[in-house]
Structure formats: structure tokens, C-alpha cells
Amino acid sequence: KNQVEQSPQSLIILEGKNCTLQCNYTVSPFSNLRWYKQDTGRGPVSLTIMTFSENTKSNGRYTATLDADTKQSSLHITASQLSDSASYICVVIRRGSTLGRLYFGRGTQLTVWP
Amino acid sequence: GAGVSQTPSNKVTEKGKYVELRCDPISGHTALYWYRQSLGQGPEFLIYFQGTGAADDSGLPNDRFFAVRPEGSVSTLKIQRTERGDSAVYLCASSRQGGTDTGSNEQFFGPGTRLTVL
């Protein structure tokens, strides 16, 4: 079964600290993996897109890693800011699938406190 | 417009009523997608349009749900005989192209319509 599991379900950190969010997937065959940020009441916004051959990709204070062998990805947030408070969703696309067939994780709800 | 827009932002209806949700994709985007997001869950695929035609509607839960995109731009998601279980946020997304799984066809999401069925 094609699944995407994220951990932790929720996380609270202090402003300025770093954190790492995890994503494990069983979607196969793999095409690419995306991390989205979803603010409350808003649609998801793409942070990174990683294909099979990419191990690391950065977007400002966000760094995503991918291990296609172990089917694991992580999203590392550096020097967190209050505006980082949001749900972070891991999305996997299966190779050969209709593009609309994204497999979503449930998300990690991150709260950054001052 | 600058992004994907959806109307209304909130819709409250009574069980058994008919509702229509509208999506305006980014101008020039040929692919359009509808998702449903329940509280605490990730979005769930409903239907994908390439131009005017529904290329994949396998995510529609039952025949009470129907979507159209008659001119290849604006799309309307229609729900008949609404049930309390239909309550969710309905998200629309668009991408420049569709039908491939390359990493370049990024989907841009609208803010969603929060549907509440009483």
C-alpha cells in the first residue's frame, strides 16, 4: 500500500532553535518527494521538490534530505522564526502516475514560541 | 490573477442540500486538481483536469460528487445531497502542465473552501 508517514505529529520549539521533521514512505516506484508548508486557513505552499538522484536541497533556512534506498526524508529548519509555525506536509509522487495522484502525509504541526 | 483563488472561502449548508464550489486557477495553467482535507489529515485527491476534460476522477468518493471545467479555466465542484461527512476543506490546485510526473510540474494551491454540513 502506498503510504506516507510523518513524525512527530506535533512539535513545539523556542524561537531561534533548530528542528528536524521526518517522513517515511512506501510509495513505489518513486518519482519525487515534496515538502509543503501549510499555514492555518491557507493552501499548502511548496518548499522543496526532490527527485530520485537528489540527496539534499536547501531553500533558505529549510534543508530537505532524501534517502531513496531507505525511503526516508527529513526537513531541517534552522534558526526558527515565529512565522515558521505551520503544518509541514510530506508529499510523494509515484512514477508513472497521474500528476494529480499525490500521496500526502498527515503533516507535522510545528509551533514556534517566543 | 497572481494565484489560485477559490470561492466561497466558507460555506455552511444543511444536510441534503446542493452546493457548488468554485476554483479560478492561475492563468495559463492547463492542469487543475481538486483535493479534500479533513481536520488533522493531509489533502486527499479527488479529480484532475487536463484542459476541459477530467483525466482522472478516480478520487471522487461517490456519484454525489461531480466537477466540471467547461472552458478549460474555471472549475466548479458540485456536491449533491450533502452529508455531514462531506464537511472538510476543499482545496484546488493548478499546474502549468499535467499528465507527467516530472518534478518540474509544481502544483500551486488555493486557500480552500471550508464546507460545513449541519
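Asker: How should the overall build of chain A be read in this particular structure?
Answerer: Scanning chain A for helices and strands turns up zero helices and eleven strands. The N-to-C order of helical and strand elements in chain A reads β-β-β-β-β-β-β-β-β-β-β. Taking 13 Å as the expected radius of gyration for a compact globule of 114 residues, we find that chain A reaches 14 Å, a close match to that expectation. With the C-alpha coordinates aligned to their principal axes, the bounding extent of chain A is approximately 45 × 30 × 20 Å. The long-range share in chain A, meaning contacts at least 24 apart out of those at least 6 apart in sequence, stands at 57%. Averaging the coordinates of the 12 positive side-chain charges in chain A and doing the same for the 7 negative ones gives two points 8 Å apart.

Asker: Can you walk me through the environment of Asn10(B) in this structure?
Answerer: All names here are of chain B. Its location among the elements puts Asn10 in strand 2 (residues 10–13). We classify Asn10 as exposed; its relative accessible area is 52%. Sequence separation between Asn10 and Gly85 is 75 residues, and the spatial gap between their C-alpha atoms is 16 Å.

Asker: Explain the environment of Lys71(A) to me, please; I cannot follow it from the model alone.
Answerer: Within the secondary structure, Lys71(A) is located in the loop between strand 7 (62–67) and strand 8 (72–77). With sequence-adjacent residues up to four places away left out, Lys71(A) is seen in contact with Cys23(A), Asn24(A), Tyr25(A), Thr26(A), Val27(A) and Ser28(A).

Asker: Just checking my understanding: could you explain the state of the cysteines for this structure?
Answerer: Here is the idea: a disulfide is a covalent bond, and it sits between the sulfur atoms of two cysteines. Under the defined criterion, the tally for this structure stands at two disulfides over all chains. What pairs with Cys23(A) in a disulfide is Cys90(A), and their sulfur atoms sit 2.0 Å apart. Residues Cys23(A) and Cys90(A) are joined by a disulfide whose S-S torsion is about -70°; by sign, that bridge is left-handed. Taken together, the residues span a long stretch of sequence, with Cys23(A) in strand 3 (residues 19–25) and Cys90(A) in strand 9 (residues 86–94) at a distance of 67 residues. Both residues of the pair, Cys23(A) and Cys90(A), belong to the buried class. With a sulfur-sulfur separation of 1.9 Å, Cys23(B) is cross-linked through a disulfide to Cys92(B). In this structure the cystine formed by Cys23(B) and Cys92(B) twists about its S-S bond by roughly -65°; its chirality is therefore left-handed. Of this pair, Cys23(B) sits in strand 3 (residues 19–24) while Cys92(B) is found in strand 9 (residues 88–95), placing the two residues 69 residues apart along the sequence. The residues Cys23(B) and Cys92(B) share a single accessibility class, namely buried.

Calculation notes
- Every residue gets a number counted from 1 within its own chain, in the order that chain's sequence is written.
- Numbering of ligands from 1 and lettering of chains from A proceed in the order in which they are written.
- Selection of residues for local features in this predicted model requires a pLDDT of at least 70, selection of side-chain atom pairs for listing and counting requires 80 or more, and totals for whole chains, interfaces and linings are taken over all residues.
- Hydrogens are left out, water is left out, and the side-chain values use all remaining heavy atoms of the structure.
- Secondary structure elements follow DSSP: runs of H or I of four or more residues count as helices, runs of E of two or more count as strands, with numbering from the N terminus.
- As a reference, a globule follows 2.2 Å times the number of residues to the power 0.38, and the radius of gyration itself is taken over C-alpha atoms.
- Contacts are residue-level and defined by heavy atoms, with any inter-residue pair within 4.5 Å sufficient.
- Only four residue types enter the charge count, namely Lys and Arg as positive and Asp and Glu as negative; His and the chain termini do not.
- One atom stands in for each charge, and that atom is NZ of Lys, CZ of Arg, CG of Asp or CD of Glu.
- With a 1.4 Å probe rolled over the protein chains alone, any residue whose accessible area is under 20% of its type maximum counts as buried; one over 50% counts as exposed, and the rest are partly exposed.
- Only a pair of cysteine sulfur atoms within 2.5 Å counts as a disulfide in this structure description.

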